[in-house]
Amino acid sequence: TYAKLGRTNFMASRCVFGAGGLYQGPGELRLLEIAIERGMNYIDTGRAYKGSEAAIAGLLQKHRDKELVLIDTAGRSPRDAYCIEELAAFLRSDLEIEKHLVLSATTRELELTETVRRFDQVGISRIIFTKIDECSQLGSLFNIQIQYGKPLSFVTNGQRVPEDLLEITPAI
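From a predicted model like this one, the values you see are computed outputs, not experimental measurements.

Looking now at the nonpolar core. In terms of nonpolar packing, the biggest core is built from 34 residues, with Leu32, Ile127 and Phe129 touching the most fellow members. Contributions of two or more residues to this core are made by helix 1 (26–37), helix 2 (52–62), helix 3 (81–90), strand 6 (100–104), helix 4 (109–119), strand 7 (126–130), helix 5 (139–148) and strand 8 (152–156). Within the second largest apolar cluster, six residues are counted, among which are Phe10, Ala12, Phe154 and Leu165.

Residue position: Asn41 is located in the loop between helix 1 and strand 4 (42–44). Given the relative accessible area of 8%, Asn41 is considered buried. Here Ser13 takes part through its backbone nitrogen, which lies 2.7 Å from a polar atom of the side chain of Asn41. Residues contacting Asn41, with those up to four places away along its chain left out, are Tyr2, Phe10, Met11, Ala12, Ser13, Leu68, Val69 and Leu70.

Next up on the list: the environment of Gly149. Locating Gly149 in the fold gives a position in the loop between helix 5 and strand 8. Judged by relative accessible area, Gly149 falls into the exposed class, the value being 57%. C-alpha separation for the pair Gly149 and Lys66, spaced 83 residues apart in sequence, amounts to 27 Å.

This part covers the pairing of strand 8. For strand 8, a buried count of five out of five residues is recorded, marking the element as mostly surrounded by other parts of the structure. The sheet contact formed by strand 8 and strand 9 (residues 165–167) spans three bridges and is antiparallel. When the bridges of strand 9 are listed, Val155 appears paired with Leu166.

A few words now on the pattern of salt bridges. Under the criterion given, the structure shown has nine salt bridges. With a closest N to O distance of 3.7 Å, Arg126 and Glu98 form a salt bridge. Of this pair, Arg126 sits in strand 7 while Glu98 sits in the loop between helix 3 and strand 6, and the two are 28 residues apart along the sequence. Judged by relative accessible area, which is 28%, Arg126 ranks as partly exposed. Owing to a relative accessible area of 48%, Glu98 belongs among the partly exposed residues under this scheme. Here Lys150 and Asp120 are joined by a salt bridge, their closest N and O atoms 3.1 Å apart. With Lys150 in the loop between helix 5 and strand 8 and Asp120 in the loop between helix 4 and strand 7, this pair connects stretches of sequence that are 30 residues apart. Judged by its relative accessible area of 15%, Lys150 falls in the buried class. Via salt bridges that share partners, Arg30, Glu33, Glu37 and Lys62 belong to a single interconnected network.

Right, let's talk about the sheet that holds strand 7 for a bit. Taken together, the four strands give an open sheet; going across it, the order is 6-7-8-9, and neighbouring strands pair in mixed fashion. The strands lining the two open edges of the sheet, one partner per strand, are strand 6 and strand 9. Across the sheet, the mean angle from the axis of one strand to that of its neighbour is 20 degrees, orientation sign disregarded. As paired strands, strand 7 and strand 8 are joined by three bridges and run parallel to one another. Paired with Phe129 across the bridge in strand 8 is Val155. Of the strands in this sheet, strand 6 and strand 7 are in contact with helix 4, which crosses strand 6 at around 160 degrees.

Moving on, we get to the packing of helix 4 against helix 5. Interaxial distance between helix 4 and helix 5 falls to 10 Å at its minimum, and their mutual angle equals 30 degrees. By the angle class used here, helix 4 and helix 5 are roughly parallel. Considering only the axes of helix 4 and helix 5, their crossing is right-handed. Counting all contacts with helix 4, which are made through Glu109, Leu112, Thr113, Val116 and Arg117, the residues of helix 5 involved are Ser140, Asn143, Ile144, Gln147 and Tyr148.

Conventions we followed
Residues numbered from 1 in each chain as written. Predicted model: local features only at pLDDT ≥ 70, side-chain atom pairs only at ≥ 80, totals over all residues. Heavy atoms only, no water. Core = buried A, V, L, I, M, F, W, Y, C linked by side-chain atoms within 4.5 Å. Buried < 20%, exposed > 50% of the residue type's maximum accessible area, 1.4 Å probe, protein only. Helix = DSSP H or I, 4+ residues; strand = E, 2+ residues; numbered from the N terminus. Polar contact = N/O pair within 3.5 Å; in protein donor to acceptor, adjacent residues only side chain to side chain. Contact = heavy atoms within 4.5 Å. Pairing = 2+ DSSP bridges. Salt bridge = Lys/Arg side-chain N within 4 Å of Asp/Glu carboxyl O. Axes fitted to C-alpha atoms, helices over the stretch in contact; angles between N-to-C directions. Parallel < 35°, antiparallel > 145°, perpendicular 65-115°, else oblique. Left-handed = near helix turned anticlockwise from the far one by under 90°.

Any functional reading would require information that these geometric values do not contain.
Listed below in structure tokens is the structure:
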């Protein structure tokens, strides 16, 4: 079954594939492939799931026909160059992945600027700001968008996921 992703028209599979099992053997990779073929479109991965990102990259190449597959990667420090390089290798340009950098709107502008600058080597397509409901001033969000020319795709204005995910449209 599927659930509407926030206030968007995208229907995300309620079944999320936790990629932790991928490093346990080829059987788990085949399970992921079957899940994608049957409509599962949300994958959770991260560095702790050894080899999962490389395995997922191969499947993404094979399933380029899918309209959208959401991949939730583990958070990485903008000060850890190795982790950013590792992420860039996973999200390589030949896969034609639209990459959204998720940032907290409560972060100071200096740190936001530095984070976007460091993650830009990954090939960021768009930016998502979370926690706008916790901010009294939102000017730094627009400064980041203007400085880096990365369009905003979504914002969140509450703690309920996915209900509080708002797609950026001319109406917003």
